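So you can see what is in the structure, the chains are spelled out below.
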Amino acid sequence: MHNINFKKLMVVGMTASLLAGCEVADQSQEDGGNETGNVNEEGDVAVSEVNVDASSGVTDAVSTIDDAVVSVINMQQAAENPYGWYGSTQDGEETEDEESLQQVGTGSGAVYKVDGDTAYVFTNNHVIEGSDAVDVLLKDGTRVQAEVIGADVWTDLAVLTIDSEDVSSVAEFGNSEELAVGEPAIAIGSPLGTDFASSVTSGIISAVERSVPVDTDGDGEYDWEMTAIQTDAAINPGNSGGPLVNIAGQVIGINSMKISTSTVEGMGFAIPSNDAVDIINQLEESGEITRPVLGIGMVDLAMISQQQQESVLNVPEDIAGGVVIAEVTSGSAAAEAELAQNDIIVKFNGVDVTNGIELRQQIYDTEIGDNVEVEYYRDGSLEKTTINMRASDQAL
């Protein structure tokens, strides 16, 4: 049997390949060389004439709504100059009010309705909060003055009106109750201000019906819980109030907030369109949201020390949570139902409540005029009463 020297064969084969390569290179040099890349007749690099069709569901959705998206600019009275001349000319003459306003914040919004000469814009309450005037910057760069029709701190929504003369497009609301987790979601707005107006980010619907705690008064304590759509589409400062859009270009949410920490990425939240439309219609009609109130000051039972729970409130051992009445407003619905300080509300309208957020949500789920049963502990004994729900300004 013959032994074959494979190593020699491999060396010979590799050498042949190398030689063949050299021969090709030498041949190309003899031919003068071949130019590569996209070059013109003069040998200069040129742009390709091949056009790529980059249209997609996202681009179609953006083109449907883009012209309706606006920037909302919060204008406030400028602080008095320490030298005494700010707000007046150097000759001592007073300037116009508009000249003493300065831009303090920018958010987003969208035109959602045109009625004759008036166009309606939605945005967030926190975008226009504290404003002395509000301007709206349209897609084409036109800047117009807006009027605040109404705003609601609890849902973080506001409605503005502008002249419809320069409005070219109107956004359409989609059905947020039909959203599927994983479907495309597109955010459009003005992150970091008007310099980046009409910025588009895309992602998916990460979750629906998320309960997100909110601090509405800035005291560092959560006092409301918003039901929101969660998305991983980038939501940046300035996107607030802008639309979250489905693949059909419909508004399925109004961007409101995000979780912003060094360890969290892609957690933005939007007010569902179905919830927003109800509030927007009420704001259009009356300029405010009238909700029923109990007329009490309240503290979570969990915030009360164990010693005070036992010595002052006489809380039974099996009570896991509740809302302690700190004070009762004279003439309120609670006063009429004879609720008193130190009563501990544990059930409202048949629903267990363990903290102030849950109680407030149950209150706002009732209608003015409803008769609601309330269960509470007073000095260790469980009692019941019926409250007739009414607005805060209604007299007995």
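My aim in this report is to walk through the structure given alongside it, one point at a time.

What counts and how
- Residues numbered from 1 in each chain as written.
- Predicted model: local features only at pLDDT ≥ 70, side-chain atom pairs only at ≥ 80, totals over all residues.
- Heavy atoms only, no water.
- Pairing = 2+ DSSP bridges.
- Helix = DSSP H or I, 4+ residues; strand = E, 2+ residues; numbered from the N terminus.
- Axes fitted to C-alpha atoms, helices over the stretch in contact; angles between N-to-C directions.
- Contact = heavy atoms within 4.5 Å.
- Salt bridge = Lys/Arg side-chain N within 4 Å of Asp/Glu carboxyl O.
- Buried < 20%, exposed > 50% of the residue type's maximum accessible area, 1.4 Å probe, protein only.
- 1 Å grid on protein atoms, 1.4 Å probe; cavity = no way out; pocket = protein on both sides within 12 Å on 5 of 7 lines; lining within 4 Å.
- Points joined across faces, edges and corners; volume = space filled by probe spheres on them.
- Nonpolar A, V, L, I, M, F, W, Y, C, P; charged D, E, K, R; others polar.
- Phe/Tyr/Trp six-rings, centres within 6.5 Å; stacked < 30°, edge-to-face > 60°.
- Lys NZ or Arg CZ within 6 Å of the ring centre and 35° of its normal.

Once that is clear, we can look at the pairing of strand β19 (residues 381-388). Every other side chain in a regular strand lies on the same face of the sheet, so the side chains alternate between the two faces. Pairing between strand β18 (residues 371-378) and β19: 8 bridges, direction antiparallel. Bridge pairing links Glu375 to Lys384 in β19. The turn joining β18 and β19, which pair antiparallel and follow one another in sequence, is formed by 2 residues; a positive phi near 50 degrees is taken by Asp379.

The strands making up a sheet are joined through hydrogen bonds of the backbone, oriented either antiparallel or parallel. Taken in spatial order, the 6 strands of this closed barrel run β7-β8-β9-β12-β11-β10, and their pairing is antiparallel. With strand direction ignored, the average angle separating the axes of adjacent strands in the sheet is 50 degrees. In terms of strand pairing, strand β9 (residues 224-231) meets strand β12 (residues 268-272) through 3 bridges, oriented antiparallel. Directly across from Ile229, in β12, lies its bridge partner Ala270. Lying on the sheet, helix α4 (residues 273-286) is in contact with β9, β11 (251-258) and β12; it crosses β12 at an angle near 55 degrees.

On to the pattern of salt bridges, then. In total, this model carries 9 salt bridges according to the counting rule given. A salt bridge links Asp135 to Arg143; the nearest nitrogen and oxygen atoms lie 3.0 Å apart. Accessibility expressed as a relative area gives 15% for Asp135, which makes it buried. Look at Arg143 and you get partly exposed, because its relative accessible area is 41%. Where Asp343 meets Arg378, a salt bridge forms, and the shortest distance between an N and an O atom there is 2.7 Å. Of the two residues, Asp343 is situated in the loop between α6 (333-336) and β16 (344-348) and Arg378 in strand β18; the sequence distance between them amounts to 35 residues. With relative accessibility at 1%, the residue Asp343 sits in the buried group. Taken together, the shared-partner salt bridges connect Asp66, Asp67 and Lys139 into one network.

The 6 strands lie next to each other as β1-β2-β3-β6-β5-β4, forming a closed barrel whose pairing is antiparallel. Strand-to-strand, the axes of this sheet are offset by a mean angle of 40 degrees, without reference to chain direction. With 6 bridges joining them, strand β3 (residues 118-123) and strand β6 (residues 157-163) adopt antiparallel strand pairing. Pairing of Thr118 across the sheet is with Asp163, part of β6. Against the sheet, α4 engages β2 (101-115), β3, β5 (143-152) and β6, with an angle of about 55 degrees to β6.

For the rest of this paragraph, the subject is unusual backbone geometry. At Asn314, a residue that is not glycine, the phi angle is positive and equals roughly 55 degrees. Mapped onto the fold, Asn314 is located in the loop between α5 (306-313) and β15 (323-328). Look at Asn342: it is not a glycine, yet its phi comes out positive at around 80 degrees. With respect to the helices, strands and loops of the structure, Asn342 is situated in the loop between α6 and β16. Relative accessible area serves as the criterion here: at 32%, Asn342 is assigned to the partly exposed category.

Empty space within the largest pocket amounts to approximately 880 Å³. In terms of lining residues, the largest pocket is bounded by 32 residues, among which Thr155, Trp224, Asp275, Ile279 and Asp365 are the most central. Among the residues forming the lining of the largest pocket, the class breakdown is 16 nonpolar, 8 polar and 8 charged. Of the volumes computed, that of the second largest pocket is approximately 330 Å³. Forming the walls of the second largest pocket are 14 residues, and the residues nearest its centre are Glu221, Tyr222, Asp223, Met298 and Asp300. When residues of the lining of the second largest pocket are traced back to their parent elements, those giving at least two are β14 (296-300) and α7 (356-364). A class-by-class count of the residues in the lining of the second largest pocket yields 6 nonpolar, 2 polar and 6 charged.

Right, let's get into the packing of aromatic side chains. Each aromatic ring pair is summarised here by two numbers: the centre-to-centre distance and the angle between the ring planes. Applying the stated criterion to the full structure yields 7 aromatic pairs. Ring plane angle 50 degrees and centroid distance 6.2 Å describe the contact between Tyr112 and Tyr120, whose orientation is recorded as tilted. For the residue pair Tyr112 and Tyr120, the accessibility class agrees, reading buried in each case. With a centroid separation of 6.0 Å and an interplanar angle of 55 degrees, the aromatic rings of Tyr112 and Phe173 are classed as tilted. A residue pair is termed long-range when its members are at least 10 positions apart, and Tyr112 in strand β2 and Phe173 in the loop between β6 and β7 (184-189) qualify at 61 residues. The class of Phe173 is partly exposed, set by a relative accessible area of 24%. Grouping aromatic residues by their ring pairs yields a cluster made of Tyr112, Tyr120, Phe122 and Phe173. Lying across the ring of Tyr364, Arg291 places its NZ or CZ 5.1 Å from the centre.

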